[in-house]
Amino acid sequence: MPRNSNQTVVPGAKNAINQMKFEIANELGFANYANIDKGSLPSRANGYVGGNITKRLVALGEAALANNATGAVGATSQVGLEQPQG
């Protein structure tokens, strides 16, 4: 039985997230992150990449909401979040 039972909300998002992961890792100085054995890296290094992904995704979401992007606001209802009133 797979450990990850999460379902993808947006089908094409996995490729975009992976691309973002490799870009951020490269910016942080992890050359060739796609081919590195992640188990050989310290958890702090992997966490640093993941934390920066989260920061960037939150910033993108906030910017979309601030610009009143209907796609981003509509997507909140798909993941069970309330839409902002006003």
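Provided above is the structure to which this section pertains.
Bear in mind the structure is a predicted one, so any value in this text is a computation, not a measurement.

This part covers a nonpolar patch on the surface. A cluster of nonpolar side chains, I17, L57 and L60, forms an exposed patch at the surface whose accessible area comes to about 240 Å². By the element assignment, L60 lies in helix α2 (residues 43-66).

Time to look at the environment of S40. When you line up the elements, S40 lands in the loop between α1 (13-27) and α2. Side-chain polar atoms of S40 contact the backbone oxygen of D37, separated by 2.6 Å.

So, about the packing of α1 against α2. Running from amino to carboxyl end, α1 crosses α2 at an angle of 120°, the nearest separation of the two axes being 9 Å. Judged on the interaxial angle alone, α2 and α1 are oblique. When you trace α1 past α2, the crossing you get is right-handed. Residues I17, M20, K21, E23, I24, A25 and E27 of α1 form the contact with α2, whose participating residues are V49, N52, I53, R56, L57 and L60. Class assignment for the residues of the contact of α1 with α2 results in eight nonpolar, one polar and four charged.

Turning next to the packing of aromatic side chains. Evaluation of the coordinates by the stated rule reveals two aromatic pairs. Considering the side-chain rings of F30 and Y33, the 6.0 Å spacing of their centres and the 50° angle between planes classify their relative orientation as tilted. We classify Y33 as buried; its relative accessible area is 6%. Connected via pairs of aromatic rings, a cluster forms that spans F22, F30 and Y33. Lying over the aromatic face of Y33, K38 brings its terminal NZ or CZ to 4.6 Å of the ring centre.

Cut-offs applied
- Residue numbers restart at each chain and count upward from 1, following the sequence in its written direction.
- Owing to the predicted nature of the model, reporting of local features is limited to residues with pLDDT of at least 70; listing and counting of side-chain atom pairs is limited to 80 or more, with chain, interface and lining totals taken over all residues.
- Calculation of side-chain values draws on the structure's entire complement of heavy atoms; hydrogens and water are dropped beforehand.
- Each patch groups residues whose relative accessible area exceeds 30% and which form no salt bridge, using 9 Å between like charges and 5 Å between nonpolar side chains of Val, Leu, Ile, Met, Phe, Trp and Tyr.
- Computed with a 1.4 Å probe, the accessible areas rest on the Shrake-Rupley method; for each residue, only the protein chains presented here act as cover.
- The salt bridge definition used is simple: a Lys or Arg side-chain nitrogen within 4 Å of an Asp or Glu carboxyl oxygen.
- Runs of E in the DSSP output that reach at least two residues are strands. Runs of H or I that reach at least four are helices, and both are numbered from the N terminus.
- Pairs of N or O atoms within 3.5 Å make up the polar contacts considered here, provided that, within protein, one atom can donate a hydrogen while the other can accept it, and that residues adjacent in sequence are counted only when both atoms are side-chain atoms.
- Every axis corresponds to a line fitted to the C-alpha atoms, with the helix fit spanning only the stretch in contact, and the corresponding angles, defined between N-to-C directions, vary from 0 to 180 degrees.
- When an angle is under 35 degrees it counts as roughly parallel; over 145 it counts as roughly antiparallel; between 65 and 115 it counts as roughly perpendicular; any other value is oblique.
- Two helices crossing with the near one rotated counterclockwise from the far one by less than a right angle form a left-handed crossing, whereas a clockwise rotation gives a right-handed crossing.
- We call two residues in contact whenever any of their non-hydrogen atoms come within 4.5 Å of each other.
- Any residue that is not Ala, Val, Leu, Ile, Met, Phe, Trp, Tyr, Cys, Pro, Asp, Glu, Lys or Arg is counted as polar, Gly included; the first ten are nonpolar and the last four charged.
- Within 6.5 Å between ring centres, the rings of Phe, Tyr and Trp (the latter by its six-membered ring) count as paired, and their orientation is classed by plane angle as stacked under 30 degrees, edge-to-face over 60, tilted in between.
- Note on exposure labels: buried denotes an accessible area under 20% of the residue type's maximum, exposed denotes more than 50%, and partly exposed covers the range between, all computed with a 1.4 Å probe on protein chains only.
- The rule for a charge over a ring is simple: NZ of Lys or CZ of Arg within 6 Å of the ring centre, and within 35 degrees of the ring normal.

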